[in-house]
Amino acid sequence: LTNVSHVIKTPRTSIISYIELLKKEPGLPDHVMDYINTISRKADRLSNIVQDVFEVSKAATGNITLNMEDRDIGKLLQQTFAEMDETLRNSQLIWRMDIPDGSVLVHADGQRLYRVFQNLIRNCDQYALEGSRAYVSLSAQNGCAVVSIRNVSRSEITMDSEDLTARFVRGDQNRTTEGSGLGLSIAKSFTEACGGKFSVHTDGDLFIATVQFALVMRAPAFGTPAEAPIQDG
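Before going into details, it helps to say that this report is about the structure given with it. (Residues numbered from 1 in each chain as written. Predicted model: local features only at pLDDT ≥ 70, side-chain atom pairs only at ≥ 80, totals over all residues. Heavy atoms only, no water.)

Considering helix 2 (residues 30–61)
Residues that lie three or four places apart on an α-helix share one face, since the helix turns once every 3.6 residues. The first and last C-alpha atoms of helix 2 sit 47 Å apart over 32 residues, in line with the 46 Å expected at 1.5 Å per residue. Just beyond helix 2, the residue with positive phi is G62, at close to 75 degrees. (Helix = DSSP H or I, 4+ residues; strand = E, 2+ residues; numbered from the N terminus. Expected span 1.5 Å × (residues − 1).)

Okay, structure coming up:
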């Protein structure tokens, strides 16, 4: 998969470069510009698929590079939603968030965890029933931070949780959306690579994805700031 991804990147880069040159051509008819814009969108989608294949391959083989640090998972969730504002505003869903105000620390790679949440939000946007509610919650349970994302599926769910998180498997059997079938697989791979647990549960048309990490417990500081020892340098 990694080798194939590298091979595809070269012609993909050329395609994108020529698309940008075409966009700068003066006097093109409107219908031709429509064709160019369509090709551009498909090329962007191809780029995303290639990158997804590359990343899931690295995660599966243990060749993924991680920057592990203590992160506030609640703030990371809010940041993900903020950066996906345009997607959420154009969504046909009603989003409900329940994130506590206090700090909820976990030890993980922030960039990879951001990608996990991004994929789960996109999964909701693609496959949830239009006009329904999607619920995102964060809670502390038994020493763990638990993120739950729930939605009602647009189509009947006929696969079990293991099939749904497999590579290149899509919940939309009729392929009416443009998903690559890698979103949940990447979310699961990245969560587990960071030492967390990822699970999917279905109950009729209800779809629930859960991300779980051990909480980071920091020892309380002793004394007041004025009493704290002063270190040279």
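Quick notes on the sheet that holds strand 7 (residues 206–214)
Here we have five strands laid out as an open sheet, ordered 2-4-5-7-6, and mixed in their pairing. The open sheet has two edge strands, strand 2 (94–98) and strand 6 (197–203), and neither has a second partner. Recorded for the sheet is a direction-independent mean angle of 15 degrees between the axes of neighbouring strands. Sheet analysis places strand 4 (residues 133–141) next to strand 5 (residues 144–152), joined by seven bridges and oriented antiparallel. Across the sheet, residue L138 finds its bridge partner in strand 5, namely V147. Sitting on the sheet, helix 5 (residues 110–127) touches strand 2, strand 5, strand 6 and strand 7, and the angle it makes with strand 7 is about 175 degrees. Where helix 7 (residues 183–193) meets the sheet, it contacts strand 6 and strand 7, and its direction lies at approximately 140 degrees from that of strand 6. (Pairing = 2+ DSSP bridges. Axes fitted to C-alpha atoms, helices over the stretch in contact; angles between N-to-C directions. Contact = heavy atoms within 4.5 Å.)

Structural notes on the side chain of N119
Assignment of secondary structure puts N119 in helix 5. When its relative accessible area of 7% is taken as the criterion, N119 is described as buried. Once residues within four sequence positions are removed from consideration, N119 is found in contact with G183, I186 and A187. (Buried < 20%, exposed > 50% of the residue type's maximum accessible area, 1.4 Å probe, protein only.)

What to know about the pattern of salt bridges
Within the structure shown, the criterion is met by five salt bridges. The salt bridge involving D85 is made with R89; its shortest N-O contact spans 2.7 Å. Here the residue D85 and the residue R89 both occupy positions in helix 4 (residues 85–89), the gap between them amounting to four residues, near one helical turn. What makes D85 partly exposed here is its relative accessible area of 36%. A salt bridge links R154 to E130; the nearest nitrogen and oxygen atoms lie 3.1 Å apart. (Salt bridge = Lys/Arg side-chain N within 4 Å of Asp/Glu carboxyl O.)

A short note on the side chain of T191
Examined against the element boundaries, T191 turns out to sit in helix 7. Among the polar contacts made by the side chain of T191, one reaches the main-chain carbonyl oxygen of A187 at a distance of 2.7 Å. Contact partners of T191, with chain neighbours within four places excluded, come to V116, G196, K197, F198, V211 and F213. (Polar contact = N/O pair within 3.5 Å; in protein donor to acceptor, adjacent residues only side chain to side chain.)

Description of the packing of helix 3 (residues 73–83) against helix 5
Helix-helix packing is described using two parameters, namely the angle between the two axes and the distance between the axes. Where helix 3 contacts helix 5, the axes come no closer than 10 Å and their chain directions differ by 55 degrees. As the angle between them shows, helix 3 and helix 5 are arranged oblique. Taken as a pair, helix 3 and helix 5 cross one another with a handedness that is right-handed. On helix 5, the residues touching I73, L76, L77, T80, F81 and E83 of helix 3 are G110, L113, Y114, F117, Q118 and I121. (Parallel < 35°, antiparallel > 145°, perpendicular 65-115°, else oblique. Left-handed = near helix turned anticlockwise from the far one by under 90°.)

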